[in-house]
Amino acid sequence: NPGAGTPLVLTHGFAGPSEMWPPVIDEIRARVRLLRYDVRGHGRTSLPNAATFTLPQFAADLRGLLDHLGIERAHVGGVSMGGMISAQFACDYPERLRSVLLCDTTAGNQGDPETAPVERELASIFETFDAIVTKEGLAGLIERENRHRHETDPYAKHSSFTLEEQNARNWRKADLMTPEGYLFAARAIRERPDLTKRTPAITAPALVSCGEWDMFYPCAQRDHRLIANSRLATVRGAAHATPDYKPQLWKRAMLDFIDDVEAGRDIRGEVEYRD
């Protein structure tokens, strides 16, 4: 959207193209110059061959988009997979950053002994997704995910969306992705580079935000320790994907950080957001 000031570029999570951002995104758009980036195979983007689906390529795509739009520097952030891409972008193209915002994500991939169990669990989950989609298609996976949400997900009732709304939003994946795009992106996440040896070199202000119930919370704590010029924002009452659980708290964490960066204030430390 048009507007003055340093743009904020947000990248969505896995299998959640820009059309699936929750309504709070419109409130953020009213405050900042917002650019939403759709990753290869998601939403309105094309589906090139499988070999081009890598996290470094996703970051290079984002750089190309900024080049095309004439944006020299931006606040670059994302949720989950979008945060992984933002961390990759921060390591590969530091000169393009005003700041980086890593939300509900991890910059590692089993290289850090402390968080390796989390990373292995993530890999196992994506291998299961791969097997289900290969055998049953996206519809089969979505049916299983919705059943799990109703029967065994302890956090589903805490979402800002009702269970019925969560089910309907999940079905949107079938309209906005192909099975091939899903599988290619899932493999890119499993095989992504471990950035834990590179993130200490990030000097731009960094927001590391995470829901307190997110499996990635130990990874967020690690990334905060590794990036000296960072703020750890813990969002209380949220599991994975804080914009879905606590959209107003997530918005506050994002905009408070951007306001502090733009004002030249020291952003380092740890903060909590709660109702």
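Structure: see above.
A.B. asks: So what exactly am I meant to see when it comes to the overall build of the chain here?
C.D. replies: In terms of regular secondary structure, the chain is built from ten helices and seven strands. The C-alpha radius of gyration of the chain comes to 17 Å, within 12% of the 19 Å expected for a compact globule of 275 residues. If you line up the chain on its principal axes, its C-alpha atoms span 50 × 40 × 40 Å. Counting all 275 residues of the chain, 55% fall into the buried class. Accessible area of the chain: about 11800 Å², with a carbon and sulfur share of 50%. Between the averaged position of the 34 positive side-chain charges in the chain and that of its 39 negative side-chain charges there is a distance of 2 Å.

A.B. asks: What exactly am I supposed to notice about the nonpolar core here?
C.D. replies: The nonpolar side chains of a soluble globular protein tend to be buried, and buried together. Counting 54 residues, the largest nonpolar core has F14, F58, F89 and Y182 as the members making the most contacts within it. Take this core: its biggest share by element is eight residues, from helix α4 (residues 116-151). The contact partners of Y182, leaving out residues within four places of it in the chain, are F14, A15, F129, V133, L138, L141, E145 and M177. Of all hydrophobic cores here, the second largest spans 27 residues; its members include C103, L207, Y245 and L249.

A.B. asks: So what exactly am I meant to see when it comes to the pairing of strand β3 (residues 74-79) here?
C.D. replies: Side chains on a regular strand alternate between the two faces of the sheet. The buried fraction of β3 is high, at six of six residues. Relative to β3, strand β1 (residues 8-11) runs parallel, the two being bridged by four bridges. If you follow L10 over to β3, its bridge partner there is G77. Running through helix α3 (residues 81-92), the crossover from β3 to the neighbouring parallel element strand β4 (residues 97-103) is right-handed.

A.B. asks: Looking at this structure, how should I read the pattern of salt bridges?
C.D. replies: Oppositely charged side chains are able to pair whenever their charged atoms sit close together. Tallied over the entire structure, the rule returns 26 salt bridges. We note a salt bridge from E27 to K251, for which the minimum N-O separation is 2.8 Å. Of this pair, E27 sits in helix α1 (residues 24-29) while K251 sits in helix α10 (residues 247-262), and the two are 224 residues apart along the sequence. A residue is classified by how much of its surface remains accessible, and E27, at 33% relative accessible area, is partly exposed. The partner of E119 in a salt bridge is R192, and the shortest N-O contact between them spans 2.8 Å. Of the two residues, E119 is situated in helix α4 and R192 in the loop between α7 (179-190) and β5 (206-211); the sequence distance between them amounts to 73 residues. Look at E119 and you get buried, because its relative accessible area is 1%. We classify R192 as buried; its relative accessible area is 6%. A cluster of three or more residues bridged by salt bridges with shared partners is formed by D112, E119, R192, R222 and D223.

A.B. asks: What am I meant to see in the packing of aromatic side chains here?
C.D. replies: How two aromatic rings sit relative to each other is set out by the distance from centre to centre and by the angle between their planes. Inspection of the entire model under this criterion finds eight aromatic pairs. Ring geometry for F53 versus F58: centroids 5.9 Å apart, planes at 85 degrees, classification edge-to-face. The pair formed by F53 and F58 is uniform in burial state, with each residue classed as buried. Note that R169 overlies the ring of F161, its terminal NZ or CZ placed 4.2 Å from the centroid.

A.B. asks: Would you mind going over the side chain of N170 with me for this structure?
C.D. replies: Mapped onto the fold, N170 is located in helix α5 (residues 163-171). Residue N170 is classed as buried on the basis of its relative accessible area of 8%. Polar side-chain contacts of N170 include one of 2.9 Å to the side chain of N146. Apart from residues lying up to four places away in sequence, N170 is in contact with I142, E145, N146 and R149.

Thresholds, definitions, all that
- Residues numbered from 1 in each chain as written.
- Predicted model: local features only at pLDDT ≥ 70, side-chain atom pairs only at ≥ 80, totals over all residues.
- Heavy atoms only, no water.
- Helix = DSSP H or I, 4+ residues; strand = E, 2+ residues; numbered from the N terminus.
- Rg over C-alpha atoms; globule rule 2.2 N^0.38 Å.
- Buried < 20%, exposed > 50% of the residue type's maximum accessible area, 1.4 Å probe, protein only.
- Areas by Shrake-Rupley, 256 points an atom, 1.4 Å probe, with all protein chains shown as cover.
- Lys, Arg positive; Asp, Glu negative; His and termini not counted.
- Charge placed at Lys NZ, Arg CZ, Asp CG, Glu CD.
- Core = buried A, V, L, I, M, F, W, Y, C linked by side-chain atoms within 4.5 Å.
- Contact = heavy atoms within 4.5 Å.
- Pairing = 2+ DSSP bridges.
- Right-handed = clockwise from strand over helix to strand, strands pointing away.
- Salt bridge = Lys/Arg side-chain N within 4 Å of Asp/Glu carboxyl O.
- Phe/Tyr/Trp six-rings, centres within 6.5 Å; stacked < 30°, edge-to-face > 60°.
- Lys NZ or Arg CZ within 6 Å of the ring centre and 35° of its normal.
- Polar contact = N/O pair within 3.5 Å; in protein donor to acceptor, adjacent residues only side chain to side chain.

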